[in-house]
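# Remarks on the overall topology
In case you want the letters, here they are:
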Amino acid sequence: MDKTLNNLLNKTKEIFETVRQKPMLVYGIGCLLLTVLSFFFTYYLRVIYSPAWLGQAKGTLVVSAAFIILWTGFSLASKFRNNNMPLFMSLLLFVMGLVFVYATPPNQVPDENTHFLRSYTMAQGQWGFDEKHQFPNDVNLLIQHFPVAYNNGYKAREGATVYHRFVRYANALKNGDTAGNMGIFIFQVIPYIPGAIGIFLAKLAGFGALGAFYANRIANLAFYCICCYFALKFCGRFRVIMFTLMALPLTVFMAASCNSDSFLFALMFLMFASVLSDSFDNVKAVVFALSFAVLTTCKMSYIVFLPLIFCVPKEKWTLKFKDKNISRLVYLAFSLVVLLLVYQGTALYAQAFSNYGVIHRPIEDSRPVEQLIFILKNPLRYVAVFVDTLKNNAFFLFSGGLLGWMDVNLPLINYCTPLVVMLACVKQAGVFRKEDINKTVTFLICSLLTYGVVLTGLYLSWTPVTLPQIIGLQMRYLCPAFMGLCMVIGQYFSTRTKENVKNTDYSCICTSYVFTIIAAVLMLIVYYLPERAVVFVA
């Protein structure tokens, strides 16, 4: 019996290996399986949501076409898998991002409306800060017809899904309707350059506001993927763990938006990769210094990552200037000087080219100075508030499925996000070595400091004085801390992993790709398919 079973297993392996050597056959089998899956998925949608327009045949055709396009994108990117793994990963990020670009309705990413308007002003040639800047009417109509936090106030229902918003927006343009001008309070330039370029090219091609909006998203996504490509090249053996974080649904959701976090996440991964590389040379030094300076200028919480330069092993430190070695302390001083120049230059630029007057704080009773004094007088009370906030939000580790304007909650994605990350860390534990302990500890320290700085910063700037909770927190603010947590998990399991384990890179990459696509599909359902009203008959 055992011999028969072994023969069967061996025969199955041989067939599997034979099929795997024929890419077109693999592609064909994948298309067939996706078509079958599409049939059952369409049936599920018809049973649960009962959309009148969705027939079984038509639905299967549309869904299978969409899935096969994604499978085709994966298959085409896989051609670079053996020769250029960073390019393979970056192309997958772009495919995933494109899904979110079009699956996410306009203005449904936090702060996306104002960030789009800032990029639009720059695309118009206004790189300063004009309080009375007037936007074209089609832009104002776009902002009006796609209100923020749409799912909170306008949950999908028959005759009133996001699709109908597009119809009404098109009709408003056709009828010549007008909308009021919206003011913005953003005094930064650098993070909006990719989006401004995208909008400029869209306007040059004759697109209106909606086309410019999607061009902004695609441009931000392209910049993100380009930076991720170099980050994945730099970080060597840690690239799969870093890719897992790059490809998380929340990360890709932000990267494929008009929000400036797309730009900042791109630089963040470049900064991390520069110190994880096999050698810290002049190129990595410039990348780290510029990334750190821009990140910290835009969000001060990134300042906690300056100690990362001390996680580079001494033998890997190859930084030189005119054939002379440069010490860490000298480079530390250099990085701080670059930060000072970028920060001060940005402040002077905003002061010189802004006609805004006094801007009042948006949160009533949030007075940072008084709050700081209150913390210093009551340190133990603040510790209690800090701990309680983390406890109530599960350390912000289970919010990876909170998409939209934080109004699309996907429980499956929330629960599975930490599991997908942990799975990748455990499967990649073999890449960690004993000498990586210093890197792991340094990243962990920076991660803990990120939690402290982000929570304290929001307690000071967004929370009314004495309030026993911290408001304004989102998981995306703490994404920079996750690299350190991943390093700890990987380092811990490295001592429990056998040597010469099977390469798990491809399986981890596939898992991330499928998981993120599932998240996009689930979000799409929330916006476009209203739940059927259930009537119970006694």
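Residues numbered from 1 in each chain as written. Predicted model: local features only at pLDDT ≥ 70, side-chain atom pairs only at ≥ 80, totals over all residues. Heavy atoms only, no water.

## Description of the side chain of T60
Stated precisely, the cut-off is as follows: Every helix listed is a DSSP run of H or I at least four residues long, and every strand listed is a run of E at least two residues long, numbered separately from the N terminus. Contacts: residue pairs with any heavy atoms within 4.5 Å of one another.
Inspection of the secondary structure puts T60 in helix α3 (residues 56-77). In contact with T60, other than residues within four places in its own chain, are T35, S38, F39, T42 and G55.

## Some details on the packing of aromatic side chains
Note the following rule: Side-chain rings of Phe, Tyr and Trp (the six-membered ring for Trp) are treated as a pair once their centres are within 6.5 Å; stacked means planes under 30 degrees apart, edge-to-face means over 60, and tilted covers the remaining angles. When a residue's accessible area, from a 1.4 Å probe over protein chains only, is under 20% of the maximum for its type it is buried; when over 50% it is exposed; and in between it is partly exposed. Criterion for a charge above a ring: Lys NZ or Arg CZ within 6 Å of the ring centre, and within 35 degrees of the ring normal.
Enumeration according to the criterion identifies 39 aromatic pairs in this entry. Ring plane angle 45 degrees and centroid distance 5.1 Å describe the contact between F74 and Y513, whose orientation is recorded as tilted. With F74 in helix α3 and Y513 in helix α21 (residues 505-528), this pair connects stretches of sequence that are 439 residues apart. Exposure class is identical for F74 and Y513. Each is buried. The structure contains a cluster of three or more aromatic residues connected by ring pairs, namely Y27, W71, F74, F88, Y506 and Y513. Residue placement shows R81 over the ring face of Y506; its charged tip is 3.6 Å from the ring centre. One Lys or Arg, K284, reaches over the ring of F234 and ends 5.0 Å from the middle of that ring.

## Remarks on the packing of helix α16 (residues 368-377) against helix α19 (residues 437-461)
As a reminder, the rule being used: Axis angles are defined between N-to-C directions and span 0 to 180 degrees, where every axis is a line fitted to C-alpha atoms and, for a helix, only to the segment in contact. Here roughly perpendicular refers to angles of 65 to 115 degrees, roughly parallel to angles under 35, roughly antiparallel to angles over 145, and oblique to all remaining angles. Here the term charged refers only to Asp, Glu, Lys and Arg, the term nonpolar to Ala, Val, Leu, Ile, Met, Phe, Trp, Tyr, Cys and Pro, and the term polar to all other amino acids, Gly among them.
It is at 7 Å that the axes of α16 and α19 come closest, and there the two elements cross at 120 degrees. The orientation of α16 with respect to α19, classified from their angle, is oblique. Of α19, the residues touching α16 (which contributes P368, Q371, L372, F374 and I375) are Y459, L460 and S461. Here the contact of α16 with α19 is built from residues that sort into 6 nonpolar, 2 polar and no charged.

## Some points on the side chain of T114
Topologically, T114 is positioned in helix α5 (residues 112-123). By relative accessible area, which is 18% here, T114 ends up buried. Not counting the four nearest positions on each side in its chain, T114 is found in contact with M182, I184 and I186.

## Digging into unusual backbone geometry
One non-glycine residue with positive phi stands out, namely S50, at about 50 degrees. Inspection of the secondary structure puts S50 in the loop between α2 (23-48) and α3. Classification of S50 by relative accessible area gives partly exposed; the value is 29%.

## Some details on empty space enclosed by the protein
Here is the rule we go by: As defined here, a cavity is a set of points on a 1 Å grid over the protein atoms alone where a 1.4 Å probe fits but cannot get out. A pocket is an open set with protein on both sides within 12 Å along at least five of seven lines, and residues line them when an atom is within 4 Å of a point. Grid points are joined across faces, edges and corners, and a volume is the space filled by probe spheres set on the points.
Within the structure shown, the criterion is met by 4 cavities of 30 Å³ or more. Quantified by volume, the largest cavity comes out at close to 120 Å³. Contributing to the lining of the largest cavity are 15 residues, with T121, D130, H133, I184 and Y356 lying nearest its centre. Taken together, the residues that form the lining of the largest cavity break down as 6 nonpolar, 6 polar and 3 charged. For the second largest cavity, the calculated volume is near 50 Å³. Contributing to the lining of the second largest cavity are L245, L248, T251, M268, F269, F272, C479, F482 and M483. When residues of the lining of the second largest cavity are traced back to their parent elements, those giving at least two are α13 (261-276) and α20 (482-494). The element best represented in the lining of the second largest cavity is α13, accounting for 3 residues. Residues of the lining of the second largest cavity, tallied by class, amount to 8 nonpolar, 1 polar and no charged.

Any link to function would need more than the numbers given here.
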